[in-house]
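Spelled out from the first residue to the last, the chains are:
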Amino acid sequence: MAQGYRIAVFASGQGSNFQNLLDASRAGGLAAEIVLLVCDKPQAPVVERARQAGVECFLFDPKAYARREDYEAEIAEKLNGLQVDLIVLAGYMRLLTPVLVEAYAGRMINIHPSLLPAFPGKNAIGQALDYGVKVTGATVHLVDGGMDTGAVVAQTVVKVKAEDTLASLEAKIHAAEQELYPQVVSWFAEGRIRVEGRKVKVLPAP
Ligand code: GRF
């Protein structure tokens, strides 16, 4: 396992992926340590999870800044100070500017609850259900300046059954995310990711 691989998780909401990564890290099931939570909603449940676990938080109110670039510059300074290797977006509900996208190109990932490029943006699970697809799933992708448009790193397929409701499909997709995200973070930590344009390769384990 990579010693000392340091990640920052960005989240805006519940934080079930944050909690899962934290639990995996502390149980030895993730080749990385969470050194920072970045959150744009100081009242979000994810903040309480970080506090309980003693993870440092960078909390900010976007409305207190004239431009997105201004708060991102502060975040970048914090990330540099903590020598963060990888940014892991987990339900972070803000588009990023070049301040972070360029500084962390190839070193910033997001998880999205559909098989991209299908159903980007908000309410992806509801969009898939309404469309009537028979399979959907979860995607981990590199982050670029667009909305869920970066190169795909890994995907998990989830079947949609005729009897599925929004709640049941959400539960299946969240379970898939919790398997997938620690796995992908570990691949980065182990130096097994190679990016060639839109093609992302995972090298075999040594
Ligand atoms: C997840 O479904 C993730 O795919 C999406 O936002 C949700 C975050 O959930 N990007 P949580 O805050 O980790 O519980």
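Residues numbered from 1 in each chain as written. Predicted model: local features only at pLDDT ≥ 70, side-chain atom pairs only at ≥ 80, totals over all residues. Heavy atoms only, no water.

### Digging into the packing of helix 5 (residues 124–131) against helix 6 (residues 166–189)
The cut-off we apply is this: Note on geometry: axes are lines fitted to C-alpha atoms, helical ones only across the stretch in contact, with angles between N-to-C directions running from 0 to 180 degrees. Only runs of H or I of at least four residues qualify as helices and only runs of E of at least two qualify as strands under DSSP, and these elements are numbered from the N terminus. Geometric relationships in this document are graded by angle, where less than 35 degrees denotes roughly parallel, more than 145 denotes roughly antiparallel, 65 to 115 denotes roughly perpendicular, and other angles denote oblique. The sense of a crossing depends on the near helix, which, turned anticlockwise from the far helix by less than a right angle, makes the crossing left-handed and, turned clockwise, makes it right-handed. Here, residues are in contact when the closest pair of their heavy atoms is within 4.5 Å. Under the scheme applied here, ten amino acids are nonpolar (Ala, Val, Leu, Ile, Met, Phe, Trp, Tyr, Cys and Pro), four are charged (Asp, Glu, Lys and Arg), and all others, including Gly, are polar.
Two numbers describe how helix 5 lies on helix 6: the axes approach to 10 Å, and their chain directions differ by 120°. One element, helix 5, and the other, helix 6, form an angle in the oblique class. The hand of the helix 5/helix 6 crossing is right-handed. Residue-level contacts link Ile 125, Gly 126 and Leu 129 of helix 5 to Leu 166, Leu 169, Glu 170, Ile 173 and His 174 of helix 6. For the contact of helix 5 with helix 6, a count of residues per class yields five nonpolar, two polar and one charged.

### Re the site of the ligand
Note the threshold: It suffices for a single heavy atom of a residue to lie within 4 Å of a molecule or strand for the residue to be listed as near it. By the criterion applied in these results, polar contacts are pairs of N or O atoms within 3.5 Å in which, for protein atoms, one can donate a hydrogen and the other can accept it, and in which residues neighboring in sequence qualify only through two side-chain atoms. Exposure was quantified through the Shrake-Rupley algorithm and a 1.4 Å probe, taking into account, for residues, occlusion by the shown protein chains and nothing else. The pocket and cavity definitions rest on a 1 Å grid over protein atoms only: a 1.4 Å probe that fits but cannot leave marks a cavity, an open set with protein on both sides within 12 Å along at least five of seven lines marks a pocket, and residues lining either have an atom within 4 Å of a point. Whether a molecule sits in a cavity or pocket is decided by its atoms, more than half of which must lie within 2 Å of the grid points.
All residues in the neighbourhood of the ligand are listed as Gln 14, Gly 15, Ser 16, Asn 17, Gly 91, Ile 111, His 112, Pro 113, His 174 and Glu 177. Here Asn 17 contributes a backbone N or O atom positioned 2.9 Å from an oxygen atom of the ligand. At 2.3 Å, a side-chain N or O of Glu 177 approaches an oxygen atom of the ligand. Coverage of the ligand by the protein chains reaches 84% of its 370 Å² of free accessible surface. Mapping the ligand onto the cavity grids shows that it belongs to the largest pocket. Sorting the residues of the shell around the ligand by element identifies helix 1 (16–26), strand 5 (108–112) and helix 6 as the ones contributing at least two each. Here the shell around the ligand is built from residues that sort into two nonpolar, seven polar and one charged.

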